[in-house]
Structure formats: structure tokens, C-alpha cells
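Architecture and fold: a report
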Amino acid sequence: MGRLRGASVLVTGASSGIGEATALAFARQGSRLALCARRLDRLQSVAERCRAAGAVAVTVRRADVSRRAEAQAFVAGALGDFERVDVLVNNAGFGWRGPLQDMPPEQVEALFATNVQGLIWTTQAVLPGMLELNSGVIVNVASVVGFRAAPYSAVYSASKHAVVGLSHALRGELSGSGVKVTVVYPGTTDTEFFENETPGPLMQPASAVAAAIVRAARRPRRDVIMVPYRLAHLAEPLFGGLMDHLIGGFRRRQGRSARP
Ligand SMILES: NC(=O)c1ccc[n+]([C@@H]2O[C@H](COP(=O)([O-])OP(=O)(O)OC[C@H]3O[C@@H](n4cnc5c(N)ncnc54)[C@H](OP(=O)(O)O)[C@@H]3O)[C@@H](O)[C@H]2O)c1
């Protein structure tokens, strides 16, 4: 991808947290931005700040990516405005924490519809144009629970495993083309994701993950793990079982909380 100045960049879930920070990070590169989320007022305020930060153009659209027609309309609108998509950042998502047997079915459906299907709808919508130009980068925001599932986040972990699996399969399908797929796996990040929970002691700022997403878009050679503690991911294969035990105990003490 190389140069991001003037590139047409789409970010889903740009109204807060990692998506907002990502929009601002691309704005500082002088990119053209198309942003979506469900809270239009928040998107408009992010767009103002992106313009001030150096974005060449910014468009916003209210879209619930779990609804196929809205996800497709977001991409179609961006194509209408910018004629091409250089970078798609599939970031929109949410979590739910608690014992699996307690998770309401409508939350299960909404979580998969947003975190997995939403990403599929936007990706399918950008691919024909990217393949025609033989150029483009798709950055999928997974999570560290996409390679090591966390107890009391079973459905969320499963959704992020699905994101990783889909990304790697698609990367294979696109090998030999100029269209690249990369995955960013954030660890605990200070955003509204933890709105109803006590934040853990180790949090990284959303801007750190945003910087990793911009780097991944510029050089989509490999996946990027972004954790707030140095080298922690190297210990993961060795201490996975211990982590399950510790995290399980910590969450049991914390009790349950849910975010729609
Ligand atoms: N925070 C962490 O520790 C962490 C760690 C690993 C991975 N992640 C991942 O990072 C991504 C961003 O999360 P965050 O931490 O930045 O949380 P956040 O501040 O809650 O941001 C989530 C964003 O997704 C949007 N969104 C949610 N459902 C949507 C839908 N159906 N359609 C369109 N937009 C939707 C929200 O906007 P609206 O509500 O306005 O629609 C918001 O802009 C998620 O995929 C999350 O799984 C977060």
C-alpha cells in the first residue's frame, strides 16, 4: 500500500474507541475517510476532528453493519464518493461477558451478526472493486482472544476466532493478487468496550492500536499482535492453561457484566 496520502480508507465502528483513534490516525496521514457506526452524532464529531487533523475528505454514514443492506450501502456510498477503496478497516464489534449458559440468545445472534457477518458484508462489498484494480488492503480487527479463547467470553472468543479463520482463508484466496488481508489482535485497550466493567490493571491506549492498524495498512505483510505488556504473547503458548485459570478466577470475583 505504501503511501496513505489521498488513499480512500473505510473504517467501521468509528464513533468511539479503536475505530475513532484509527480514523484520526489515517486523517493525520492525509487520507480520504468514509466512517460508519450507529451513533451519527458521535461520528460527526469524529469527522470534524479528522478534518482538523488533516484528512483530505471525510464522509460519515449511519450504518449497523449487522444489517447486510446497511453495510453494503456504506461501501456503495464510499465508492460513490471516492470511486475506489484502498483500505477497509473492519473494526465494528462488541463483547459480552458471563457464563455461556446465561447469554441471552438475542445477544448471541447480535454478537455474531456484528463481529463476524458485518465484516463479511463489508468485505464482500469492497472485493470486486479491489480485485479490478488489483490493489487494496483489508485490515480485520480481531483480539488476543482470537488465538487464545477466554473463559466467560465464549461467544466473543468464538467470534474473534471466526474473524481470524476467515481472514486467513481469504488471504489464501487472494494470494497472487494485489489485494492483501491482515489481522490486528489487540489486547486490553482503554475504550468504551469496558464501559460496564472494572478496567484491568494493564490497558493500552486506543491510539497505540490505531498506529498498529495504520502500519498494517501500509505494509500488510503479517498479522500484528498489540498487547499492553511486552512479549506477553510469547508466553501465551506455554502459559495458556494457567492464564485460563487466572482469568477465570479474576472474572468470577468480578462478577458478570454485559454490554449490548
Ligand atoms: N477494547 C479492547 O480491549 C479490545 C481488545 C481486542 C479487540 N477489540 C475489538 O476492537 C473493536 C473496537 O472496539 P473498541 O474497544 O474500540 O470498543 P468501543 O469503544 O465500544 O467501539 C466499538 C465501535 O463499534 C461500533 N459498533 C458496534 N456495533 C456496531 C454495529 N452493529 N454496526 C456498526 N458499528 C457498530 C460502535 O459504534 P456505535 O455504537 O455508534 O454503532 C463503536 O464505534 C471491536 O471489534 C472489539 O472487539 C477491543
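As a reminder, the structure under discussion sits directly above these lines.
A few points on the structure. Since this is a predicted model, take the numbers as computed values, not measurements.

Some words on the packing of helix 3 (residues 68–82) against helix 4 (residues 105–133)
Two elements in contact, helix 3 and helix 4, have axes whose closest approach is 9 Å; the angle formed by their N-to-C orientations is 40°. Taken as axis vectors, helix 3 and helix 4 run oblique relative to one another. By crossing handedness, the relation of helix 3 to helix 4 is classed as right-handed. Contact residues: helix 3 offers Arg 68, Ala 71 and Val 75, while helix 4 offers Trp 121, Thr 122, Ala 125 and Val 126. Across the contact of helix 3 with helix 4, the residue classes tally to 5 nonpolar, 1 polar and 1 charged.

Re the sheet that holds strand 4 (residues 87–90)
Taken in spatial order, the 7 strands make up an open sheet running 3-2-1-4-6-7-10, and their pairing is parallel. A single partner strand is all that each edge strand has here, and the edge strands are strand 3 (57–62) and strand 10 (224–226). Taken over all neighbouring pairs, the strand axes of this sheet differ in orientation by 15° on average, direction set aside. The pairing of strand 4 with strand 6 (residues 136–141) spans 4 bridges and is parallel. Paired with Val 87 across the two strands is Val 137, which belongs to strand 6. Most of the contacts of helix 2 (residues 40–53) go to strand 3, to which it runs at about 175°, and overall it touches strand 2 (32–37) and strand 3. Running at roughly 170° to strand 10, helix 6 (residues 206–218) makes contact with strand 4, strand 6, strand 7 (179–186) and strand 10 of the sheet.

With respect to the packing of aromatic side chains
Aromatic rings in a pair are described by how distant their centres are and how their planes are angled relative to each other. On inspection of all chains with the given rule, the structure shows 3 aromatic pairs. Between Tyr 156 and Phe 193, the aromatic rings sit 5.3 Å apart at their centres with planes inclined by 50°, giving tilted as the arrangement. Of the two residues, Tyr 156 sits in helix 5 (residues 154–174) while Phe 193 sits in the loop between strand 8 (189–190) and strand 9 (204–205), which places them 37 residues apart along the sequence. Feature note: the residues Tyr 156, Phe 193 and Phe 194 constitute an aromatic cluster, connected by ring pairs. Across the ring face of Trp 121, the terminal group of Arg 68 is positioned such that the distance to the ring centre comes to 5.3 Å.

Calculation rules
- In this convention, every chain numbers its residues from 1, walking through the sequence in written order.
- Given that this is a predicted model, residues contribute local features only at a pLDDT of at least 70 and side-chain atom pairs are listed and counted only at 80 or more, while totals for whole chains, interfaces and linings are drawn from all residues.
- With hydrogens and water stripped out, all remaining heavy atoms of the structure feed into the side-chain values.
- Here the axes come from fitting lines to C-alpha atoms, over the contacting stretch only for helices, and the angles between their N-to-C directions go from 0 to 180 degrees.
- By the criteria applied, helices consist of DSSP H or I runs no shorter than four residues and strands consist of E runs no shorter than two, each listed in order from the N terminus.
- When describing relative orientation, an angle under 35 degrees is termed roughly parallel and one over 145 degrees roughly antiparallel, while 65 to 115 degrees is termed roughly perpendicular and anything else oblique.
- Left-handed is the label given to a crossing in which the near helix is rotated counterclockwise from the far helix by less than a right angle, and right-handed is the label when the rotation is clockwise.
- Contact between two residues is taken to exist if any of their heavy atoms lie within 4.5 Å; hydrogens are not considered.
- Throughout this entry, Asp, Glu, Lys and Arg are counted as charged residues, while Ala, Val, Leu, Ile, Met, Phe, Trp, Tyr, Cys and Pro are counted as nonpolar. The remaining residues, Gly among them, count as polar.
- When DSSP finds at least two bridges between two strands, those strands are taken to pair.
- Planes of paired rings set the category: under 30 degrees apart is stacked, over 60 is edge-to-face and the rest tilted, where pairs are Phe, Tyr or Trp rings (Trp by its six-membered ring) whose centres lie within 6.5 Å.
- In this scheme, Lys NZ or Arg CZ marks a charge over a ring once it lies within 6 Å of the ring centre and within 35 degrees of the ring normal.

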